[in-house]
Amino acid sequence: MSRSVVRELREARSPNWYWNIPYVAVVIFAVAMLVLVWVLQVRENEVERNALARDVQWAEQTMRLHMTATEEFLIKTARDLAAGNLDADAFQVSANQHIANNAELVNIAWVGPDETVRWTAPFDTTDWLVGDTLSALQTTPFYRARELGRPSYGAAQINQRDMAVLELYVPVFRGGTFMGAIAGVYSIERMTRSLIPNWFGEKYRISFSGLDGRELSANSGVHRLDQSLSYSVDLDPPGNGLTMRATAFRTGSDVPRALPMALIVGLSLLVLWSLWLLRAHIQRRVRVEKERDRLFNLSLDMLCILGLDGSFRRCNPAFEHILGFPPEQLPGRALLDFVHSGDIITTVEQLRKLSEGEPVSFESRSRCADGRFKWLTWSINPVREEKLLYAVAHDITGRKAAEDALLTEYAFRKSMEESLVTGMRAIDLTGRITYVNPAFSRMVGWSQEELVGSVPPFAYWPAEEMETCHRNLQLTLAGKAPASGFEMRIRRKSGERIDIRLFISPLIDSLGKQLGWMAAMSDITEPKRVRAALEASQERFEAVLDGLDAAVFVADAHTDEILYANHAFMVMHGFDAVGRTVRAVSVAQPERGDYLVDPRNLGPADLPRELFDGELRHPLSGRWYHVRERATRWVDGRAVRMAIATDITDRKHMEDAERQQEERLQRTARLITMGEMASTLAHELNQPLGAISNYASGCVKRLQAGEWKQQELLAAMQKASYQAERAGKIIRRIRDFVRKSEPRRAAVPLEDIIEDAIGFAEIDARRVGVRVVAEIEPGMPRVFADRIMIEQVVLNLVRNGIDATSEGGDNAVPLVVRARAGHGRMAEVAVIDRGGGISDLDRERLFTPFFTTKADGMGMGLNICRSIIEFHEGRLWEEPNPEGGTIFSFTLPMETQREQLVQHV
């Protein structure tokens, strides 16, 4: 067999082997996809199990943290109880608050060493009642906590209300003596709702079981479960045998796991069948393309085939000769990628016509491989059946370059002439105008035709400036024009005068010969007006600031350099203050920590911003200033601090004098009250002193007669001692009341203040036959106040009520002093009388100084009372009693947690 025959046989067999490769590739791809789907399913199951384990461990750690926090609270409560710092009311407040903040808790109780419940919270509980004893199951963790000396959890159990609970016992020891245990009761059902996040409960069914494996609580039983995804964890500690189990909900539909594999097999068969059909079609096209390629590759013009989207499919070698791009690099790239940005819109419009089936011809610039652009004329015909575009492009760069040079030259000159806002004027060596641009014509009002060819004096020279204009022209023609130009005034055609500035330069031709002079004219009328206005505004601004009594300065926010200071500031700190730093001139200003924000960290986006507003004392002069600082933007754009300091020393002195006067008035009021009470107090002291004298005389007589018994003498002396102690209390109360001292606010019982005030007033009340009754709400917290000052307020109001009741009221109805808790941590005290009441006219002036309805009154009592209450951050008001009479009420702040801590310290 000859070599030619062998070669032909090889070429005949080669295409068959070549076309079998896609079928083998599809089979291998299908097998690989089947294996991949199987591996992914196995991997997905592992990932889901790992995610479930992590989620359960995270939820378990979250529950441990919550339960540890509760354990620490119970330990703290046990310590406070052992130290004697906790009573029943405080236990209720703290326990109820902790239960409210921890929904999983249902009870907190103190169980004594005799297994009896002594305190319990909340107060409305029905499970742990005061006096109940522990069950046998509960005593095990109770005594285990006593033996171990640390918290102990009991086993999960079902209580009397059929609720699954978990109990924690914290032992209480005082000096080695076991005082019982603080018990905290968890609801396992609430633990499921409160300690498990919502997103966790939406993904998994959470259940809790005890030591016996019995399920105690679960969050849901409605959703379908995926038993293959389940995970358990023991809560031990702190759960003591409690187990949490999470089972994933089944999501999505039950799609057969074999469906993806079936789809892969089916699609693979479909691809094999389509490859078989394409094989025959492509073989026919190959023969046709071989014949067309010869003509395509030999053309000197650029031939190409494009898709309807404008992307190259095939290009002939002429692309490399003209644009420099090898034909094999162009397929897949869009025609628009090579088009100049200025021709994009035109090219897109032509491509739109092609997509509609219309042939087009157009010119555009295309980018070469070296970055240059060439002009091409395109002729493109669409074939909609094939969804292809057949295009021919011819290089016309040389012709377009010549056209563009002419157009560019013309456009350049025209644009320069039209776009200038500066007026340009050319004159020859004799002074005749040879050229003006449109800006010059617009500026003077005469057209170019009217100006070109005119000689001096020009039409735009005003009569009053004629001499100046002639002189400037002579200097120009002599070549002596100043480099800064001429500033002069000209006349517009409308008669309006404007200020202009002329800059002169010689006009030289291409041979270096001077033809004349070129002048550039700028209108400076508006800049001059603005500059004058700014100067006047600056003068007015400085005049206003210099007229202020307050010191005003502006300082750089970062360097503290003083940029501006008014006259008052410079008088105070020196006329050389500008340019120095604020610290160097010793200005009264706040410390860095007193600013709302550090001005050194402010940027342009943070301005303007308030920095400080308060009162400061100058460290050297001792004078007081009200200082207000604000961050703003300075004229050059940087951040500055603008401060205004007003001298308030006189006002501070007046305030101090007023406060001292008010203190003297208060003391005078107490002394007046003491004087009014002197006569009645003498009668009150006469009773215990008389009783002491009688008891002592009786004892002396019996001792002298020798007829005495020890028990009788002891009883008489005890009574005399009690009467002496009673007289001493009366004297001490009077001395504390009238003693001058600075206000000292502290946490004091409000009921003690009211009882002492009523004790003072009872002397006058009994004298006029009025009964005073105190109605104090049980469990009233302490108030934060000065005891003597509040006692004076209550005494003044009670005495006024006694006077009103005795003068025009019913003495059979008691005068009531009521105290109760108000709104917003405030205590409210009301003095209610059944007197004649207060008229509307008197009510308007009731708290006015020196106004009184009593014949011998001074009119200062209610005004001083209101000042005292406002000093305590409270409020004093009056309102008519619906049953007749008047109600005077005032409020005081209750003791806060911070004040409690201060008292303990």
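Draft legend 1. Fine view of the sheet that holds strand E25 (residues 639–647). In spatial order, the strands read E22-E21-E25-E24-E23; together these five strands make up an open sheet with antiparallel pairing. The open sheet terminates on both sides in strands that have one partner only, identified here as strand E22 (562–565) and strand E23 (609–617). Pairwise comparison of adjacent strand axes, ignoring direction, gives a mean angle of 20° for this sheet. When strand E21 (residues 551–556) meets E22, the two strands line up antiparallel, connected through three bridges. Residue Ala555 lies in a different strand from E22, and its bridge partner there is Ile562.

Draft legend 2. View of the pattern of salt bridges. Per the stated rule, a full pass over the model turns up 22 salt bridges. Note that Glu496 is salt-bridged to Arg492, the shortest N-O span being 3.6 Å. Looking at Glu496, the relative accessible area reads 41%, which means it is partly exposed. A salt bridge links Arg834 to Glu883, with the shortest nitrogen-to-oxygen separation between them at 3.4 Å. Here Arg834 is found in the loop between strand E30 (826–832) and helix H19 (840–844), whereas its partner Glu883 is found in the loop between strand E31 (876–880) and strand E32 (886–893), with 49 residues between them in sequence. Here the residues in one salt-bridge network are Glu363, Arg399 and Lys400, joined through shared partners.

Draft legend 3. How the structure looks around the sheet that holds E32. The strand order E27-E29-E30-E32-E31 describes an open sheet built from five strands, whose pairing is mixed. Each having just a single partner strand, strand E27 (772–776) and E31 make up the two edges of the open sheet. Strand-to-strand twist in this sheet, taken as the mean axis angle between neighbours without regard to direction, amounts to 20°.

Draft legend 4. A look at unusual backbone geometry. Residue Pro122 follows Ala121 across a cis peptide bond; omega there is 0°. As for its placement among the helices and strands, Pro122 is situated in the loop between strand E2 (117–121) and helix H3 (136–148). Backbone geometry at Glu115 places phi at a positive 65°, although glycine is not the residue there. Mapped onto the elements, Glu115 comes out in the loop between strand E1 (105–111) and E2. Of note in the backbone geometry, Lys387 takes a positive phi value of approximately 55° without being a glycine.

Draft legend 5. Region of interest: the pairing of strand E14 (residues 373–383). Here strand E13 (residues 360–367) runs beside E14; their pairing, made up of eight bridges, is antiparallel. Its bridge partner lying in E14, Ser361 is registered against Ser379. Counting the residues that bridge the hairpin from E13 to E14 gives five residues, and of these Gly371 lies at a positive phi of roughly 95°. Alignment of E14 against strand E15 (residues 388–395), held across eight bridges, turns out to be antiparallel. If you follow Leu376 over to E15, its bridge partner there is Asp395. Between E14 and E15, which pair antiparallel and follow one another directly, the connecting turn spans four residues, one of which, Lys387, has a positive phi of 55°.

Draft legend 6. View of the confidence of the model for the chain. Per-residue confidence for the chain gives a mean pLDDT of 79; residues scoring 70 or more make up 85%. Ranking the helices and strands of the chain by mean pLDDT puts E30 first, with 92, and helix H21 (residues 897–904) last, with 41. Of the regions scoring below 50 in pLDDT, residues 1–9 engages in two contacts with residues more than four places distant in sequence or in other chains. In the model, residues 897–905 has pLDDT below 50 throughout and makes six contacts with residues more than four positions away in sequence or in other chains.

Parameters at a glance
Residues numbered from 1 in each chain as written. Predicted model: local features only at pLDDT ≥ 70, side-chain atom pairs only at ≥ 80, totals over all residues. Heavy atoms only, no water. Pairing = 2+ DSSP bridges. Helix = DSSP H or I, 4+ residues; strand = E, 2+ residues; numbered from the N terminus. Axes fitted to C-alpha atoms, helices over the stretch in contact; angles between N-to-C directions. Salt bridge = Lys/Arg side-chain N within 4 Å of Asp/Glu carboxyl O. Buried < 20%, exposed > 50% of the residue type's maximum accessible area, 1.4 Å probe, protein only. pLDDT = per-residue confidence, 0-100. Contact = heavy atoms within 4.5 Å.

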